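Residue strings, one per chain:
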Amino acid sequence: MFSFLKKKTHKIQESKVIVYQDYSDVSRVARYFKNETGVTFDKQESILKNKVTTFCKQREIHSFSNLLEIIEKEAKIKQELIDYLTTNETFFYREFKQIDELTKLVKKTSRHVEILCAPSATGEEPYSIAIALLEAGVSSSNFKITGIDINYDAINKAKEAHYRERNVRNLTPEIISKYFTHNGEKYLLNDSIKSLVSFQLANLFDASFKNIGKFDFVFSRNMLIYFDQETKIKAKAILESMRKDNEVGVFFGHADLF
Ligand SMILES: C[S@@+](CC[C@H](N)C(=O)[O-])C[C@H]1O[C@@H](n2cnc3c(N)ncnc32)[C@H](O)[C@@H]1O
């Protein structure tokens, strides 16, 4: 037996099968995750280690190397890890000034516009845009919104559109009663708004991302904050290439600044 392995690992004996647990070096998982999603844990390796250890133990995966082998073969586990490690915090009318700016630009044009929200997380941002456009008097037949996110759970929640008090905290009681049905602790978004946004599971860095199409306006807020500088530059170029017209800028969040 390799003596160095014995030192590093903890041994569990279960009916004659010896399983070595090794949750010591998370750096390969960190590198893998950054390559796949852009999200970096460079300054938060101990947080990542704790989270990935819990993820592995819940699934009886006995080491980080074993996790990486499994992920290569099982797309479901890979998606579960992505869902587990990405942060989907969002709420309605977040950084509303930019949404207001967008409504003014849309009102200036008489043509139909297509808007991309990348990332949309659980849907609050693209639905906010839909509500704000309607409130500004833009006809629902004049715009189409697409929301994308790498997180499968978030995309499903966005499609369901059931929210909690904290998600709608920035909305006025008038907007809430106009566009939601309040049911117990939940705020259910009306179908009239849900039908104005379509959602897709997508990774900004996949080669197929560009097939989503070209858009008049692109929103990408509070995703670049999870990337390092080099990845931010790559992401910015991809998002800018999604515009139909190079004159129009991408709406980034204030914290995403380069
Ligand atoms: C904090 S949320 C931002 C949501 C919304 N745009 C806002 O500003 O409120 C960040 C989202 O970025 C998504 N994300 C991270 N990396 C991604 C990638 N490579 N491709 C697509 N989405 C990604 C996460 O899953 C998460 O839902």
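All values derive from a computational prediction rather than experimental measurement.

Cut-offs and rules
Residues numbered from 1 in each chain as written. Predicted model: local features only at pLDDT ≥ 70, side-chain atom pairs only at ≥ 80, totals over all residues. Heavy atoms only, no water. Helix = DSSP H or I, 4+ residues; strand = E, 2+ residues; numbered from the N terminus. Buried < 20%, exposed > 50% of the residue type's maximum accessible area, 1.4 Å probe, protein only. Contact = heavy atoms within 4.5 Å. Areas by Shrake-Rupley, 256 points an atom, 1.4 Å probe, with all protein chains shown as cover. Phe/Tyr/Trp six-rings, centres within 6.5 Å; stacked < 30°, edge-to-face > 60°. Domains from an automatic or database assignment. Buried area = accessible area lost by both parts, 1.4 Å probe. Salt bridge = Lys/Arg side-chain N within 4 Å of Asp/Glu carboxyl O. Polar contact = N/O pair within 3.5 Å; in protein donor to acceptor, adjacent residues only side chain to side chain. Nonpolar A, V, L, I, M, F, W, Y, C, P; charged D, E, K, R; others polar. Near = heavy atom within 4 Å. Pairing = 2+ DSSP bridges. Axes fitted to C-alpha atoms, helices over the stretch in contact; angles between N-to-C directions. Core = buried A, V, L, I, M, F, W, Y, C linked by side-chain atoms within 4.5 Å.

> Just to check I follow, could you spell out the overall build of the protein for this structure?
The helix and strand tally for the protein stands at 11 helices and 10 strands. Expressed along its principal axes, the backbone C-alpha trace of the protein runs to roughly 75 × 45 × 30 Å. When each of the 258 residues of the protein is scored for burial, the buried share is 48%. For the protein, contacts bridging at least 24 residues in sequence account for 74% of all contacts bridging at least 6. For the protein, the computed accessible surface area is about 14100 Å², with 50% contributed by carbon and sulfur atoms.

> What am I meant to see in the packing of aromatic side chains here?
Two aromatic rings are characterised by how far apart their centres lie and by the angle between their planes. Scanning the entire structure with this criterion turns up 9 aromatic pairs. A centroid spacing of 5.3 Å and a plane angle of 80° characterise the contact between Phe92 and Phe180, whose relative ring orientation is edge-to-face. Within this pair, whereas Phe92 is found in the loop between helix H5 (75-85) and helix H6 (96-108), its partner Phe180 is found in strand S6 (residues 180-183), the two being separated by 88 residues in sequence. In this structure Phe92 comes out as buried when scored by relative accessible area, which is 0%. Taking relative accessible area as the criterion, Phe180 reaches 6% and is therefore assigned buried. For the ring pair Phe219 and Phe251, a centre distance of 4.5 Å and an interplane angle of 15° mean the geometry is stacked.

> I keep staring at the domain arrangement of the protein and nothing clicks. Help me out?
Split into domains, the protein comes out as domain 1 (3-85) and domain 2 (96-256). Put simply, the middle of domain 1 and the middle of domain 2, counted by C-alpha atoms, are 33 Å apart. Contacts between domain 1 and domain 2 engage 10 residues on the former and 11 residues on the latter. Per-residue buried area on domain 1 facing domain 2 is highest for Gly38, Gln79 and Asp83; these three make up 44% of the total on that side. The tally of links from domain 1 across to domain 2 stands at 1 salt bridge. The salt bridge involving Asp228 is made with Lys34; its shortest N-O contact spans 2.8 Å. Counting the contacts that link domain 1 with domain 2 gives 7 residue pairs in polar contact (both at pLDDT 80 or more). Of all the elements in the fold, those that place two or more residues in the side of domain 1 that touches domain 2 are helix H2 (27-37) and H5. For the side of domain 1 that touches domain 2, the per-class residue count stands at 2 nonpolar, 4 polar and 4 charged.

> What's the story with the site of the ligand in this structure? I'm lost.
Lining the immediate surroundings of the ligand are 23 residues, of which Asn88, Thr90, Arg94, Asp149 and Asn222 lie closest. Between Thr90 and the ligand, the recorded distance is 2.6 Å, taken from a side-chain N or O atom to an oxygen atom. The backbone of Arg221 places a nitrogen or oxygen atom 2.9 Å from a nitrogen atom of the ligand. When the free accessible area of the ligand is taken as 610 Å², the share hidden by the protein chains comes to 99%. Class assignment of the residues belonging to the shell around the ligand gives a composition of 10 nonpolar, 8 polar and 5 charged.

> Could you clarify how one ought to interpret the sheet that holds strand S7 (residues 186-189) in this entry?
What holds strands together in a sheet is hydrogen bonding between their backbones, with the strands either parallel or antiparallel. The 3 strands lie next to each other as S5-S7-S6, forming an open sheet whose pairing is antiparallel. Lying at the two open borders of the sheet, with one neighbouring strand each, are strand S5 (162-164) and S6. Direction aside, the axes of adjacent strands within the sheet are offset by 30° on average. Sheet analysis places S5 next to S7, joined by 3 bridges and oriented antiparallel. Across the sheet, residue His162 finds its bridge partner in S7, namely Leu188.

> What am I meant to see in the nonpolar core here?
It is characteristic of soluble globular proteins that their nonpolar side chains tend to be buried jointly. The biggest cluster of nonpolar side chains holds 41 residues, and the ones touching the most others in it are Val52, Leu67, Leu204, Phe209 and Leu239. Mapped onto this core, the elements with two or more residues apiece are H2, helix H3 (45-58), helix H4 (64-73), H5 and helix H11 (229-241). Ranked by the residues each element gives to this core, the list is headed by H4, at 5 residues. Composition of this core by domain shows at least three residues from each of domain 1 (3-85) and domain 2 (96-256). Discounting residues that sit within four places of it in the chain, Leu239 has contacts with Ala118, Leu204, Val218, Ser220, Met223, Leu224, Val250 and Phe252. Judged by nonpolar contacts, the second largest core, of 36 residues, contains Leu102, Ala132, Val138 and Phe143.

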